[in-house]
Structure formats: structure tokens, C-alpha cells
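# Survey of secondary and tertiary structure
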Amino acid sequence: MAHTAMSGSGTTEGDDPLQTAVWRLRSRACWADAAALLAPVAGDPPAAVQRASLLIERCLYTESGWAEAEDALRAAEAVARADEDRGAAACERGYLAYAATLHGVRDRADEARAALGRAAALLGPSSPGRALLDFRRGLLAQYLGDNPQAARAAYRRAHAGATAQGDALLLSFTWRQLAGLALREGELAEARHGFAESLRLREDLGYLVGTAPALAALADAQPEPEASRLRDEARRLFRLLGGVPTWLADRLAPAAAA
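Right, let's walk through the structure included here. (Residues numbered from 1 in each chain as written. Predicted model: local features only at pLDDT ≥ 70, side-chain atom pairs only at ≥ 80, totals over all residues. Heavy atoms only, no water.)

## Structural notes on the overall build of the protein
Summing up its helical and strand segments, the protein has 13 helices and zero strands in all. When the helices and strands of the protein are placed in sequence order, the string is α-α-α-α-α-α-α-α-α-α-α-α-α. For 258 residues, the compact-globule estimate of 2.2 N^0.38 gives 18 Å, and the protein sits close to it at 18 Å. Counted over contacts in the protein with a minimum sequence separation of 6, partners at least 24 positions apart contribute 53%. With 30 positive and 33 negative side-chain charges, the protein shows a spacing of 2 Å between the two charge centroids. (Helix = DSSP H or I, 4+ residues; strand = E, 2+ residues; numbered from the N terminus. Rg over C-alpha atoms; globule rule 2.2 N^0.38 Å. Contact = heavy atoms within 4.5 Å. Lys, Arg positive; Asp, Glu negative; His and termini not counted. Charge placed at Lys NZ, Arg CZ, Asp CG, Glu CD.)

## Examining the nonpolar core
Soluble globular proteins tend to pack their nonpolar side chains together in the buried interior. The biggest cluster of nonpolar side chains holds 54 residues, and the ones touching the most others in it are Tyr61 and Val209. Setting aside residues no more than four positions away along its own chain, Tyr61 makes contact with Trp31, Phe173, Tyr207, Val209, Gly210, Val244, Pro245, Thr246 and Trp247. One finds Ala212, Leu215, Phe238 and Leu252 within the second-largest nonpolar core, a separate group that totals 20 residues. (Core = buried A, V, L, I, M, F, W, Y, C linked by side-chain atoms within 4.5 Å. Buried < 20%, exposed > 50% of the residue type's maximum accessible area, 1.4 Å probe, protein only.)

## As for helix 9 (residues 168–184)
Here helix 9 is 17 residues long and its end C-alpha atoms lie 24 Å apart, about the 24 Å a rise of 1.5 Å per residue gives. With 12 of its 17 residues buried, helix 9 lies for the most part within the structure. For helix 9, every residue scored as buried is listed here: Leu169, Leu170, Leu171, Ser172, Phe173, Thr174, Arg176, Gln177, Leu178, Ala179, Leu181 and Ala182. Looking one or two residues past helix 9, Gly186 carries a phi angle of roughly 80°, positive in sign. (Expected span 1.5 Å × (residues − 1).)

## Things to note about the packing of aromatic side chains
One pass over the full model with this rule turns up seven aromatic pairs. For the ring pair Tyr95 and Tyr98, a centre distance of 5.9 Å and an interplane angle of 10° mean the geometry is stacked. In this pair, Tyr95 and Tyr98 are both assigned in helix 5 (residues 83–102), three residues apart and thus about one turn of the helix distant. Per residue, the accessibility class of Tyr95 equals that of Tyr98, and both read buried. Through a chain of ring-to-ring contacts, three or more aromatic side chains come together here, namely Trp23, Phe135, Tyr155, Phe173 and Tyr207. The ring of Tyr95 carries the charged tip of Arg136 above its face, separated from the ring centre by 3.8 Å. (Phe/Tyr/Trp six-rings, centres within 6.5 Å; stacked < 30°, edge-to-face > 60°. Lys NZ or Arg CZ within 6 Å of the ring centre and 35° of its normal.)

## Here we look at unusual backbone geometry
Here the amide bond leading from Glu224 into Pro225 is cis, since omega sits at 5°, within 30 degrees of zero. In the segment running from Val244 into Pro245, the intervening peptide bond is cis, with an omega of 0°. Checked against the element boundaries, Pro245 lands in the loop between helix 12 (226–240) and helix 13 (249–257). One non-glycine residue with positive phi stands out, namely Glu63, at about 60°. Take Glu63: its relative accessible area is 35%, and that puts it in the partly exposed class. Although it is not a glycine, Asp146 sits at a positive phi angle of roughly 50°.

## A short note on the environment of Leu122
Relative to the assigned elements, Leu122 resides in helix 6 (residues 109–122). With 36 residues separating them in the primary sequence, Leu122 and Arg86 have C-alpha atoms 7.1 Å apart. Excluding its chain neighbours within four sequence positions, the residues that come into contact with Leu122 are Asp83, Arg86 and Gly87.

So, to be careful, I would describe these as geometric facts and stop short of saying anything about function.
Right, here's the structure in full:
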């Protein structure tokens with residue numbers, strides 16, 4: 001998590017116990033429960049942003065909970081005072097608008113671009129939230145702007161920032177997106193390496209809800225029978241989590257039918 005009220009992100013020994021509890025719930029797709037743990041400290045700007053980010057992530061993975069995420073985000077925007085907090089809230093605003101557009105809830109692409117632009121004006125180059133912002137700008141460029149060149153540049157900035165900060169979770173995302181662009185261009189070796197790194201990081205972190213997508217992505221770059229083995233494992237995890245993330249269903253369905 002890029003913005004936390006307590007020490008650490010809950011992914012390493014020695015982190016704040018609350019953050020550890022939040023991470024365990026988040027990684028198992030229990031976003032509402034994780035957000036509830038932060039409710040008592042949600043008047044603190046970083047905690048308010050973190051709570052909103054959990055509920056926004058739930059929207060992206062489940063295509064539900066939009067109103068609750070919006071309410072949490074407005075609460076975070078209301079308590080933000082410093083540029084860092086306002087920038088973090090704007091970054092989440094852009095991400096929520098991106099998710100709504102991506103899932104066809106409503107076209108909020110202009111809102112997403114404006115919010116991330118606002119975040120860029122508020123978060124300086126050395127801000128802890130800059131790498132996450134760069135990553136999300138890459139998502140917009142790739143999926144809403146159909147501009148893989150701009151997306152790659154943004155992902156590389158995010159990758160460098162995540163490396164400098166030791167943010168293993170964000171690195172798992174940047175590896176995956178860069179690998180996806182490599183696969184699109186026929187660079188199989190590069191794609192396999194990136195997808196494998198993404199999967200390794202998520203397994204090391206115990207990011208269960210993100211492991212099935214990582215397995216499915218790596219399968220796309222592998223020959224048989226390894227590809228089928230990876231998809232079978234992704235399908236097992238997908239079912240274990242009750243069909244989350246929802247957008248993985250179509251990718252796993254053909255093999256299931258076969």
C-alpha cells in the first residue's frame with residue numbers, strides 16, 4: 001500500500017500490527033473487512049486514503065461496491081490538507097474513474113486523466129506516491145488511450161520508483177504490465193521473465209488474490225503442457241476465492257469447458 005497511517009505495509013516482519021492485519025485481509029480478497037479495521041483512524045488523512053484505496057481495489061477486482069468506494073474517497077478528500085494527502089486522494093480518484101471506465105460502468109476517462117494530472121501537480125518527483133501514480137498513468141495510456149509507447153515509459157518510471165522504495169507489490173504489477181507489452185510485440189523471452197517475476201513476488205508476499213491473474217498471464221507466454229498446468233492452478237485459486245477477480249472468468253472458461 002502506498003499510503004499508510006502506521007509503519008510498514010503489513011507485508012514484512014516488524015510492520016505495525018494493524019497494517020499486518022489489513023494486508024492479510026486484503027490479500028485474501030476481504031477488502032470490506034480490511035477497510036473496517038481502518039474506520040476508527042479514518043480521520044487521519046493517510047488512513048482515509050488507504051481505506052478508500054482498499055474499497056476501490058475491491059471495485060476493480062469484483063466490479064461491485066462502487067458507491068461505498070465513492071463515499072470513502074470523498075471522506076478522504078474532505079480530510080486531506082497537505083499536498084501529499086491531496087495528491088494521494090487525487091490519485092485514488094483517478095483510479096476509481098479508470099476502473100469504472102474499464103468495466104463499462106460509466107465513461108469517466110476524462111475524469112481519470114484530470115485527477116491523475118492533478119495528482120502529478122501535487123506529488124513531487126521524490127514523493128512516496130509518485131511510483132504508484134506513474135503506474136496508473138501507464139494503465140490509462142494503455143487501456144484507455146491505446147498508447148503502448150506512453151504506457152511503457154510510465155511503467156518503467158514506476159518500476160524504477162518501486163525498486164528504489166523496495167515496494168515489492170508495485171513491482172509485481174510493473175513486471176506484469178511490461179511483460180504484457182513485450183508479449184504483444186512477440187518478445188517471448190522478455191515476457192516470460194517479467195510474468196515469472198510478477199508471480200514470484202506475489203507468491204512471496206502472499207498476495208493470494210493477485211496470484212491467479214499472475215499464473216494466467218504467465219500461461220499466455222508458455223508452451224504446452226506448462227501453459228495448461230498454470231491455467232489449472234489459476235482456476236483452482238479463482239474458485240477458492242469465489243470467482244475473484246471477476247474479469248478472469250472469461251480467460252479461464254475455455255480451458256474449463258475443454
